[in-house]
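One letter stands for each residue in the lines below.
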Amino acid sequence: MPYLFVHFKEKLTPDGEQVYFAKSQDGYNWEQVNDGNPVLSASLGECGCRDVEIVRLKTGGFVILTTDLSIANRYDENYNIDWKKVNSSGSKCLRMWKTDDLVNFSDEKLIYFGRDDFGCLWAPEIFYDEINDEYLIHWGSTVKEDDFSHMSIYCCTTKDFETFTEPKLYFTKDNEILDSHIIKIRDLYHLFYKNAHDPGVNMHSTSTNLYGPYTHDEEFLQYMLSEEATMGKSGSYEGPTTFVLPDGKWCLLLDFFGCEKEKMGYVPFISESAGDCNFKRADDLFSFPYGFKHGKVIEITDEEYGRLK
């Protein structure tokens, strides 16, 4: 069962913030595509692609979304960033490509959802809602109403990635949250997200309804706070994503930010089966050619794998 990993690289130069592909035959051992060079590069907006998302459409083909942001182009002379400014004045758009075959791509497009009060649209993800036969797009944003000081998860829906509903609040807490990932396993929706602080760790909640309410998973939180999970680096993970391995085990990947400096990238965790949230860290089972940053893993066909190869 082959897999595709779409992602970006965290570098101090703009070429890292573009769309990269990696492929795998087993979900454990990954190879770079295109000799480790970007498959897609931004030319609109901020000219940066962060937080790369891909979804297979029910009608065939794929859509790729990214955050329209270039941190590398915002560094000062000492490589410092004004994150408050990024969250208040970042792009009000998401970046999109379409492809039928993962080799040939449509022209790049910026998607604007019609709200100027967003600070920056971070980390888009797409979930196909089979009940309503539509795609839920969700992302993290601050808004002008609270002086761009509180990030929550917002959403809109589309059936064709041409027209979109007006954005609305999807999930929020008293604390700031970001980087939402939704997956449905049997009749249960799993929501993974990053708690910004107090504590600054990844969390997990579940619901029988896509739009909630969601129930907090305290056991998952306690494991995320453990020494085994953090290896002394509590708060350093974000960008959760999951996929099911060929042996039926469930893989949770957490993005170690700062990977250019510490050469870590994604950190893998494994549970015995999809829906079982008793994850254990499993670095030794996986191999990556370099530090992948915030992206998405999907299953692909043997034919699609061959085209990428």
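Residues numbered from 1 in each chain as written. Predicted model: local features only at pLDDT ≥ 70, side-chain atom pairs only at ≥ 80, totals over all residues. Heavy atoms only, no water.

Moving on to the overall build of the chain. Helix and strand counts for the chain come out as five helices and 20 strands. A compact globule built from 309 residues should have a C-alpha radius of gyration of about 19 Å, and the chain, at 18 Å, falls within 12% of that. Expressed along its principal axes, the backbone C-alpha trace of the chain runs to roughly 50 × 45 × 45 Å. Among the 309 residues that make up the chain, the fraction classed as buried is 57%. When contacts within the chain are restricted to residue pairs at least 6 apart in sequence, those whose partners lie at least 24 apart make up 54%. Counting only carbon and sulfur atoms, one obtains 48% of the accessible surface of the chain, whose full area is about 13200 Å². (Helix = DSSP H or I, 4+ residues; strand = E, 2+ residues; numbered from the N terminus. Rg over C-alpha atoms; globule rule 2.2 N^0.38 Å. Buried < 20%, exposed > 50% of the residue type's maximum accessible area, 1.4 Å probe, protein only. Contact = heavy atoms within 4.5 Å. Areas by Shrake-Rupley, 256 points an atom, 1.4 Å probe, with all protein chains shown as cover.)

A few words now on the sheet that holds strand 14 (residues 202-207). Pairing is antiparallel across the open sheet formed by four strands, whose spatial order is 12-13-14-15. Single-partner strands in this sheet number two, and they are strand 12 (177-185) and strand 15 (215-216). Where strand 13 (residues 188-195) and strand 14 come together, six bridges link them in antiparallel fashion. Each residue of the ladder has a partner; that of Y193, found in strand 14, is M203. (Pairing = 2+ DSSP bridges.)

Over the atoms a probe the size of a water molecule is rolled, and this reveals where empty space is left. Considered as a void within the structure, the largest pocket measures approximately 840 Å³ in volume. In terms of lining, the largest pocket is formed by 32 residues, of which the most central are E10, R50, W83, E238 and F257. Of all the secondary-structure elements, those providing two or more residues to the lining of the largest pocket are strand 1 (3-9), strand 4 (49-56), helix 1 (83-89), strand 12, helix 4 (259-262) and strand 20 (292-299). When the residues that make up the lining of the largest pocket are grouped by side-chain class, the tally is 13 nonpolar, five polar and 14 charged. Computed from the structure, the second largest pocket encloses a volume of approximately 570 Å³. What lines the second largest pocket is a set of 20 residues, among which I182, I183, K296, V297 and I298 lie closest to the centre. Only strand 4, strand 8 (122-129), strand 12, strand 16 (237-244) and strand 20 provide two or more residues apiece to the lining of the second largest pocket. (1 Å grid on protein atoms, 1.4 Å probe; cavity = no way out; pocket = protein on both sides within 12 Å on 5 of 7 lines; lining within 4 Å. Points joined across faces, edges and corners; volume = space filled by probe spheres on them. Nonpolar A, V, L, I, M, F, W, Y, C, P; charged D, E, K, R; others polar.)

Okay, the packing of aromatic side chains next. A complete count under the given rule lists 32 aromatic pairs for this structure. If you follow K9 out to its NZ or CZ, it ends over the ring of Y290, 4.2 Å from the centre. Over the ring of Y211 we find K168, and its NZ or CZ is 5.0 Å from the ring centre. (Phe/Tyr/Trp six-rings, centres within 6.5 Å; stacked < 30°, edge-to-face > 60°. Lys NZ or Arg CZ within 6 Å of the ring centre and 35° of its normal.)

Now for the environment of F113. Tracing the backbone through its elements, the reader meets F113 in the loop between strand 7 (109-112) and strand 8. The exposure class of F113 is buried, given its relative accessible area of 10%. As for F113 and E166, which are separated by 53 residues in sequence, their C-alpha atoms are 6.6 Å apart. Once residues lying within four places of it in the same chain are set aside, the contact partners of F113 are L94, L121, I137, W139, C156, F164 and P167.

This brings us to the pairing of strand 8. Burial analysis of strand 8 places seven of its eight residues in the buried class, the great majority of the element. Strand direction decides the pairing type here: strand 8 and strand 9 (residues 134-141), joined by six bridges, are antiparallel. By the bridge assignment for strand 9, D129 is matched with E134. If you look at the hairpin formed by strand 8 and strand 9, you'll find four residues sitting between the two strands, and D133 has a positive phi there, around 50°.

A few words on the nonpolar core. In terms of nonpolar packing, the biggest core is built from 33 residues, with Y170 and F269 touching the most fellow members. Contributing elements (two or more residues each) for this core: strand 10 (152-158), strand 11 (168-171), strand 12, strand 13, helix 2 (218-224), strand 17 (250-256) and strand 18 (265-271). In this structure, F269 is in contact with Y223, M224, A229, W250, C251, L252, L254, F279, K280, R281 and A282, ignoring residues within four places of it in sequence. Counting residues in hydrophobic clusters, the runner-up holds 19 residues, among them V6, C49, V52 and W97. (Core = buried A, V, L, I, M, F, W, Y, C linked by side-chain atoms within 4.5 Å.)

All chains considered together, the criterion is met by 16 salt bridges. Between K23 and E31 there is a salt bridge, with its nearest N and O atoms 3.8 Å apart. For the salt bridge of K109 with E162, the shortest nitrogen-to-oxygen distance reads 3.5 Å. Residue K109 is found in strand 7, and its partner E162 is found in the loop between strand 10 and strand 11; the two are separated by 53 residues along the sequence. (Salt bridge = Lys/Arg side-chain N within 4 Å of Asp/Glu carboxyl O.)

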